[in-house]
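# Understanding the architecture of this molecule
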Amino acid sequence: MKRLPIGILGSGKGSNCRAILERIRSGDLAAEARVVISDVLDAPILEIAREFSVANAYLPPGQFRTRLEPQAEEEVVRMLRDAGVHLVVLAGFMRVLHAPMLRAFPQRIINIHPSLLPKYPGLEAWKQALTAGETVTGCTVHYIDEKVDHGQIIARREVAILPHDTAESLHARIQIAEHELYPVAIGGFCEKYAASSA
Ligand code: GRF
C-alpha cells in the first residue's frame with residue numbers, strides 16, 4: 001500500500017506525535033512521517049522525532065503569541081512542500097494558522113481537540129467540560145479552517161466523566177482516547193491516498 005506522506009506540527013510534549021509514529025513503525029498506519037516542525041525550540045516533540053529518526057525542525061515563530069508571523073508561516077509551507085507532505089497533522093500546535101497554510105493545504109490540515117466539538121473550543125477544554133457539570137466529554141479530530149477549533153468534524157470519541165474526576169485525571173483519560181483516535185482518523189486518509197494513487 002502506498003504510504004501517505006505526513007508532516008506533524010506541535011508545540012509541546014508530543015504524546016500524540018509519539019502515538020502516530022509508533023503506529024507507523026508497527027505497520028498499523030500506512031503513513032510516512034516526513035517532518036516534525038515545532039515553534040518551541042526545546043519542545044519534547046522534537047526529541048520524539050529524533051528518537052524515531054524523523055527529520056525535524058524548529059521554526060522561529062516571530063513576535064506574535066497566538067499566530068506565526070506571515071514570513072514564518074510561508075516558511076512552514078515551504079518546509080512542508082519541500083518534504084512532499086500531503087497531509088498536515090497538528091498535534092498540540094498552539095498557534096492559529098492563517099491564509100498561507102490554509103491556501104497551500106486546503107482540506108489537508110487536521111487537528112485533534114480535547115472535547116466533543118462543537119462544545120468547548122479553546123484552551124483547557126477538559127476543564128470547561130468538568131466545570132460545566134458534563135457527564136461525558138471526549139476528543140475530536142477535525143479539519144482546520146480560519147476559526148479556532150471549528151472546521152468540519154472527521155471523528156470523535158467519547159470519554160465518560162467520573163464522579164471523582166479531577167481536571168488532571170480527566171485530561172489523562174482524554175489523552176489516552178486521543179492516542180487511539182488520531183491514528184485511526186489518519187488511517188482513513190491513508191486509505192484514500194492509497195486508492196487515489198494506486
Ligand atoms: C492534546 O491534548 C490535543 O488535544 C491538544 O493539544 C494536546 C497535545 O498534547 N490540541 P501532546 O503534545 O500530543 O501530548
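For the structure itself, look to the data block above.
Residues numbered from 1 in each chain as written. Predicted model: local features only at pLDDT ≥ 70, side-chain atom pairs only at ≥ 80, totals over all residues. Heavy atoms only, no water.

## Looking at the environment of Ser38
For the record, the criterion: Secondary structure elements follow DSSP: runs of H or I no shorter than four residues count as helices, runs of E no shorter than two count as strands, and numbering proceeds from the N terminus. Any two residues having at least one pair of non-hydrogen atoms within 4.5 Å are treated as being in contact. We define a polar contact as two N or O atoms separated by no more than 3.5 Å, with the added condition that, inside protein, one atom must be a possible hydrogen donor and the other a possible acceptor, whereas residues neighbouring each other in sequence contribute only through side-chain atom pairs.
Within the secondary structure layout, Ser38 lies in strand S2 (residues 31–38). C-alpha separation for the pair Ser38 and Leu59, spaced 21 residues apart in sequence, amounts to 5.9 Å. Other than its neighbours up to four places away in sequence, Ser38 contacts Gly10, Ser11, Ala43, Ile45, Leu46, Ala57, Tyr58 and Leu59. Engagement of the side chain of Ser38 in a polar contact is seen with the backbone oxygen of Gly10, the distance being 2.7 Å.

## Section: the sheet that holds strand S4 (residues 87–90)
Hydrogen bonding along the main chain pairs the strands of a sheet, whether they run parallel or antiparallel. Basically, it comes down to this: Two strands qualify as a pair provided DSSP detects at least 2 bridges between them. Geometry is summarised by axes, namely lines fitted to C-alpha atoms with helices restricted to the contacting stretch, and by angles between N-to-C directions that run from 0 to 180 degrees.
Here we have 7 strands laid out as an open sheet, ordered S3-S2-S1-S4-S5-S6-S7, and mixed in their pairing. Looking at the sheet topology across the chains shown, the edges are occupied by strand S3 (56–58) and strand S7 (153–160). Pairwise comparison of adjacent strand axes, ignoring direction, gives a mean angle of 20 degrees for this sheet. Where S2 and S3 come together, 3 bridges link them in parallel fashion. Counterpart to Ile37 in the pairing with S3 is Ala57. Running over the sheet, helix H3 (residues 70–82) touches strand S1 (4–9), S2, S3 and S4 and is turned about 155 degrees from S2. Helix-sheet contacts for helix H6 (residues 167–196) involve S1, S2, S4, strand S5 (109–113), strand S6 (136–143) and S7, and the interaxial angle to S7 is about 155 degrees.

## Considering the site of the ligand
Counted only if it meets this: Note on terminology: near, applied to a residue and a molecule or strand, indicates that one of the residue's heavy atoms is within 4 Å of it. Here the open area of atoms and residues is found with the Shrake-Rupley method and a 1.4 Å probe, where only the protein chains shown may cover a residue. Residue polarity follows a fixed list, in which Ala, Val, Leu, Ile, Met, Phe, Trp, Tyr, Cys and Pro are nonpolar, Asp, Glu, Lys and Arg are charged, and the others, Gly among them, are polar.
Taken together, Lys13, Gly14, Ser15, Asn16, Gly92, Ile112, His113, Pro114, His171, Gln175 and Glu178 make up the full set of residues adjacent to the ligand. Ile112 is positioned such that a nitrogen or oxygen atom in its backbone is 2.8 Å from a nitrogen atom of the ligand. In the model, an oxygen atom of the ligand is placed 2.4 Å from a nitrogen or oxygen of the Glu178 side chain. Out of a free accessible area of 370 Å², the ligand has 87% covered by protein chains. Every element with two or more residues in the shell around the ligand is listed here: helix H1 (15–26), S5 and H6. At 3 residues, H6 tops the list of elements feeding residues into the shell around the ligand. Looking at side-chain class alone, the shell around the ligand contains 2 nonpolar, 7 polar and 2 charged residues.

## Section: the packing of H1 against H6
Packed helix pairs are characterised by how far apart their axes lie and by the angle those axes make with each other. Test applied: Working definition: roughly parallel below 35 degrees, roughly antiparallel above 145 degrees, roughly perpendicular at 65 to 115 degrees, and oblique for all remaining angles. For any pair of crossing helices, the crossing counts as left-handed if the nearer helix is rotated counterclockwise from the farther one by less than a right angle, and right-handed if it is rotated clockwise.
At a minimum axis distance of 9 Å, the contact between H1 and H6 shows a crossing angle of 50 degrees. The angle between H1 and H6 falls in the class oblique. Note on packing geometry: the crossing formed by H1 with H6 is right-handed. In contact with Ser15, Asn16, Ala19, Ile20 and Arg23 of H1, H6 contributes Gln175, Glu178, His179, Glu180, Tyr182, Pro183 and Ile186. Classifying every residue of the contact of H1 with H6 by side-chain character gives 5 nonpolar, 4 polar and 3 charged.

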